[in-house]
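Understanding the architecture of this molecule
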Amino acid sequence: MTTRRTRPAPRPPEGTPPRAELARQARAVLADAVRIAHWAAGTPGPGTAAPLAAHALERAATALELSPAQVRAGWDRARLAGLVELHGDTARPGWRLRAWDRDDSAVLRGWVALFDAWSLVHAAPEGIEAGAVAEAVEAVPQVLSLLQLSAGPVTVPALLDLLGQRVAELQEERCEVPLGPGRTAPAASAAPAETAADQAAATAGPARSADLNALLLDWALEGLAAVGALTLGQGHATLTPLGNWAVWVKLEQICVAAQSPAGNIEQSAADMLLGCARLTPGPARDEYRAWLAARTVGSAVAELLAVARGEDALLRGLAFEALRVVGAPAEPEVRAVLAEPSLRPYALLWLAEYEGNDPDDAQDVLSREEATWLWVDTAAAVADHGETGLLVRHLDSAVQGTVPALLDEVRAVGHPRTVQVLVALAAAHPDPALAKAVRRAAFQVHTGGA
């Protein structure tokens, strides 16, 4: 068993409002989104999916006394904050909307989801390469850290200087063929003499780069202001109480991970999940949050799903536990794996819980075949990483009422680890007659017999 040092719960920076006040501010930021979410969830029939259909946009604007642009912006915020869920052409209320008036934690999680998606709320300037935009988004956490540590207004030139440095670091890290020892620049004599136009172009490059960074910084600051994370003054920016709290939480998560014995923040998804395998659910979720806080949501979700597609059943289950911490931003990717047989049962359970079903009742969304496949997959995880007693007790979790019925359906389900699971179960079970029946079933699957 692994051990963890405990430390007192960290206190937010002095002057941070109480959670109730932060939740009140978050409700104010998302007020239009909540109104539109209630309207969309209560509107029957198609037409409330994204992009908002023209006739639905007009109806919403009239009903809510908002402009079409306000409705469209509020609709996007409602989706990003998890206030509505899309099922085909129908919008349903998300669990956060149902808890909005009574649960401050749900409100703050919804706002943080919007904060994380600031680059989707405020469209990037036209005509800029996607790579440059991605570098700016990746550099913004450094800008936010400076704003948080400064505890007050920071001038735009200072933020621009930091953004430029971070973008340069990212470009250097991604350089595939760096110029270093053993590699020399071409000899001067090999190059044609520079013309005045060449010299002008060379000197214009840095100026254009600085202008691009300035344009991207303006876009980022406006996007963060649009979600209520900061305010813009004449030549300076200041974090709002909500923004200051959110940045502090993310920095604290990173510090917690850095102090963990396994140092999970630096690990790959697979190593991080293995490091969390023997933790209880609460500490494990803390590790997941810290690991996620150090990465972009898209890359983290992709890495977790890649691990889930691997051969280790334990990591498959843990990957979806980590995806539960991601929440709403992971929904599209989780829905996309429903067509993959090995991930479908996990994805169905994830979506059922995401849509507000009690975890104890979520199993009802699985077909008999899917539940059996999941039973074998879980048994494989126990056989690889657990104790033999756990494998025997795992029999009680099968949906089949009897062992013969379970064996019949396990043989039919086609899980690639069926033989190994049955052999391990036969070796572990104390009842000789049952163990013999399980071994016989393993032999039949192995030889392709009935």
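Now for a look at the structure at hand.

Reading the values: rules and limits
- Residues numbered from 1 in each chain as written.
- Predicted model: local features only at pLDDT ≥ 70, side-chain atom pairs only at ≥ 80, totals over all residues.
- Heavy atoms only, no water.
- Helix = DSSP H or I, 4+ residues; strand = E, 2+ residues; numbered from the N terminus.
- Core = buried A, V, L, I, M, F, W, Y, C linked by side-chain atoms within 4.5 Å.
- Buried < 20%, exposed > 50% of the residue type's maximum accessible area, 1.4 Å probe, protein only.
- Contact = heavy atoms within 4.5 Å.
- Salt bridge = Lys/Arg side-chain N within 4 Å of Asp/Glu carboxyl O.
- Pairing = 2+ DSSP bridges.

Let us now look at unusual backbone geometry. With phi around 55°, Glu65 is a residue other than glycine that occupies positive phi space. Of note, Glu65 is situated in the loop between α3 (54-64) and α4 (68-80). For Ala151, which is not glycine, the phi torsion reads 55° and is therefore positive. As for its placement among the helices and strands, Ala151 is situated in the loop between α8 (130-150) and β3 (154-155).

Next up on the list: the nonpolar core. Residues Leu83, Trp111, Phe115, Leu144, Leu147, Leu159 and Leu224 are the most contacted members of the largest nonpolar core, which totals 61 residues. For this core, the element with the most residues is α8, which contributes eight residues. Ignoring sequence-local partners within four residues, the contact set of Leu83 consists of Ala33, Val34, Ala37, Ala78, Arg92, Pro93, Gly94, Arg96, Leu97 and Trp100. Counting residues in hydrophobic clusters, the runner-up holds 60 residues, among them Cys276, Val337, Val376 and Val421.

Applying the stated criterion to the full structure yields 14 salt bridges. Here Arg309 and Glu340 are joined by a salt bridge, their closest N and O atoms 2.9 Å apart. One end of the pair, Arg309, is in the loop between α14 (297-308) and α15 (313-326); the other, Glu340, is in the loop between α16 (331-336) and α17 (344-354), with 31 residues separating them in the sequence. Classification of Arg309 by relative accessible area gives partly exposed; the value is 43%. Of the residues examined, Glu340 reaches a relative accessible area of 24% and is grouped as partly exposed. A salt bridge links Asp377 to Arg316, with the nearest nitrogen and oxygen atoms 2.9 Å apart.

Checked against the element boundaries, Gly228 lands in the loop between α10 (196-226) and β4 (230-232). Judged by relative accessible area, Gly228 falls into the buried class, the value being 17%. In sequence terms Gly228 and Phe115 are 113 residues apart; their C-alpha atoms lie 8.0 Å from each other. Not counting the four nearest positions on each side in its chain, Gly228 is found in contact with Val29, Trp111, Thr240, Leu242 and Gly243.

On to the pairing of strand β5 (residues 236-239). In the sheet, β3 pairs with β5 via two bridges, with the strands oriented antiparallel. Within β5, the position partnered with Val154 by the bridge is Ala237. Sheet topology places β4 next to β5; three bridges connect them, and they run antiparallel. The partner of Leu232 across the bridge, within β5, is Ala237. Linkage of β4 to β5, two consecutive antiparallel strands, is achieved through a turn of three residues, within which Gly235 is found at a positive phi near 80°.

Taken by themselves, the reported measurements are silent on function.
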